[in-house]
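Letter by letter, the chains look like this.
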Amino acid sequence: MAGITYLKEFQKPALRGLVDALENEKLDAPTLGDRFLPNDQIYSTTFAYDIIKKSNHIAAMIGYGAEPPVIDRDAVASKMGELAKMGLKYIATEEELLALNQARNNGEKAAMVEKLITKGADMVQAIQRRVDVAKMEAIAKGKFEYNKNGVKVVVDYGIPADHKIALTGEDTWANPEHDVIGDLIEWDQKYQDANGKQADVILMTRETQALLLKNTVIVTEAVGMKDSGRGRVSVEELNSVLGGYGLPSVQVVTHRQITVKDIYTGQDEVIEFFPKNRVVFVGEGLGNFVYGPTVENNFQPGIALDAYDKEEPIQSILRVAAAGFPIVESPSLLIHADVFEG
């Protein structure tokens with residue numbers, strides 16, 4: 001047998017078990033995106049477009065830009081499978097197949113099997129990272145953007161206009177004299193007025209936190225006038241000052257971008273999912289990331305990992321696939337504030 005599918009490790013039960021184990025690992029260590037957009041399932045085959053079309057909270061799906069041409073809603077509907085579909089494949093080389101099937105001993109064969117299983121696990125985790133990126137883009141940008149395979153569209157989740165704030169000129173957090181505490185109190189009250197509760201967390205980047213650590217209002221609050229010569233405070237002192245005003249806890253987003261593989265080109269692409277100058281108020285109940293059914297997963301929602309052999313040319317292929325889409329059901333649970341320019 002020239003391929004890999006005769007081995008029990010690459011048959012459906014074993015591969016399903018591998019995916020389930022990786023999904024359970026992720027449940028044990030949820031990401032920020034998982035907290036505010038937990039996973040859900042749906043069985044509609046047109047779920048992404050149906051959600052967009054029917055939701056009161058999502059703006060119409062619009063093609064934009066001169067290249068490619070503007071497309072209408074019917075054209076978008078015909079492409080919805082691409083919008084939600086995620087997938088990768090790995091083709092085992094002829095050298096790998098020879099090494100596997102002509103192994104000199106069981107240890108050598110087991111090592112090659114483990115190498116291919118690790119590649120399958122890497123691809124499943126790549127899908128999980130792609131989902132995490134989509135979740136964070138929805139949280140931090142309020143949009144789902146797609147520009148692949150001749151289709152260029154943006155799904156705007158409809159964050160209220162007064163929940164999108166941009167400070168400009170001298171009136172930004174880049175000015176160390178700016179009253180940052182006053183801003184946060186004002187936005188906290190705006191959030192409570194809209195939702196009847198506080199945000200669960202305030203998200204910001206390292207760059208934004210660095211400005212707060214040197215802000216004279218924060219420094220004076222933390223150390224008092226008697227020690228006003230200090231130029232900065234510690235993170236603990238910053239959190240103490242903000243907590244003293246009853247503000248939600250601050251969480252720093254340490255990674256703002258990620259490198260993922262493009263499903264169509266196979267090339268790596270860098271996606272920035274959290275603008276460096278943005279502060280985000282967010283609360284639980286925001287929405288879900290919905291997995292839909294795929295043929296690869298026996299018409300069930302979720303991630304599928306499969307292996308198959310080809311004769312012409314001789315190839316063994318590991319392929320991972322899923323279909324999913326982030327849904328923001330309560331956009332008022334987001335406030336975006338761009339606190340400095342750049």
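When you look at the packing of aromatic side chains in this model, what are you seeing that I'm missing?
What describes a pair of aromatic rings is the distance from one ring centre to the other and the angle between the planes of the rings. This model, assessed by the stated rule, comprises 3 aromatic pairs. Ring geometry for Trp173 and Trp187: centres 6.0 Å apart, planes at 20°, overall stacked. Taken as a pair, Trp173 in the loop between β6 (164–166) and α8 (180–195) and Trp187 in helix α8 lie far apart in primary sequence, 14 residues in all. Assigned by exposure class, Trp173 and Trp187 land together as buried. Their ring planes at 35° and their centres at 6.4 Å tell us that Tyr191 and Phe281 sit as a pair that is tilted. On the criterion of sequence distance, the pair formed by Tyr191 in helix α8 and Phe281 in strand β11 (residues 278–282) is long-range, its members being 90 residues apart.

Before we go on, may I ask you to explain the confidence of the model for the protein in this structure?
Low pLDDT marks regions whose predicted coordinates should not be analysed in detail. Put simply, the protein has an average pLDDT of 83, and 81% of its residues get 70 or more. Scored below 50 in pLDDT, residues 56–81 makes 52 contacts in the model with residues more than four places away or belonging to other chains.

When you look at the environment of Asn175 in this model, what are you seeing that I'm missing?
For Asn175, the position within the fold is in the loop between β6 and α8. The class for Asn175 is partly exposed, based on a relative accessible area of 24%. Discounting residues that sit within four places of it in the chain, Asn175 has contacts with Glu170 and Asn215.

Hey, could you run me through the side chain of Ser316 in this one?
Structurally, Ser316 can be placed in strand β15 (residues 315–328). Its relative accessible area of 1% is what places Ser316 among the buried residues. Within the structure, the side chain of Ser316 is placed 3.4 Å from the backbone nitrogen of Ile4, a separation counted as a polar contact. A distance of 2.6 Å separates polar atoms of two side chains, one belonging to Ser316 and the other to Asp309. Not counting chain neighbours up to four residues away, the residues in contact with Ser316 comprise Gly3, Ile4, Tyr90, Ile91, Ala92, Leu97, Tyr308 and Asp309.

Before we go on, may I ask you to explain the packing of helix α6 (residues 94–101) against helix α7 (residues 106–141) in this structure?
When two helices pack together, their arrangement is given by the angle between their axes and by how far apart the axes lie. Contact pair α6 / α7: the axes reach a minimum separation of 8 Å and the direction vectors enclose 140°. As far as their axial angle goes, α7 and α6 are oblique. Between α6 and α7, the contacting residues are Glu96, Ala99 and Leu100 on the first element and Glu108, Lys109, Met112, Val113, Lys115 and Leu116 on the second. For the contact of α6 with α7, the residue count by class is 5 nonpolar, no polar and 4 charged.

Hey, could you run me through the sheet that holds strand β7 (residues 201–205) in this one?
Strand pairing in a sheet relies on backbone hydrogen bonds. The paired strands run either parallel or antiparallel. Spatially, 5 strands are ordered β6-β16-β11-β7-β8 in an open sheet, and the strand pairing comes out mixed. Each having just a single partner strand, β6 and β8 (250–253) make up the two edges of the open sheet. Across this sheet, the average inter-strand angle for adjacent strands is 20°, counted without regard to direction.

The rules behind these values
- Residues numbered from 1 in each chain as written.
- Predicted model: local features only at pLDDT ≥ 70, side-chain atom pairs only at ≥ 80, totals over all residues.
- Heavy atoms only, no water.
- Phe/Tyr/Trp six-rings, centres within 6.5 Å; stacked < 30°, edge-to-face > 60°.
- Helix = DSSP H or I, 4+ residues; strand = E, 2+ residues; numbered from the N terminus.
- Buried < 20%, exposed > 50% of the residue type's maximum accessible area, 1.4 Å probe, protein only.
- pLDDT = per-residue confidence, 0-100.
- Contact = heavy atoms within 4.5 Å.
- Polar contact = N/O pair within 3.5 Å; in protein donor to acceptor, adjacent residues only side chain to side chain.
- Axes fitted to C-alpha atoms, helices over the stretch in contact; angles between N-to-C directions.
- Parallel < 35°, antiparallel > 145°, perpendicular 65-115°, else oblique.
- Nonpolar A, V, L, I, M, F, W, Y, C, P; charged D, E, K, R; others polar.
- Pairing = 2+ DSSP bridges.

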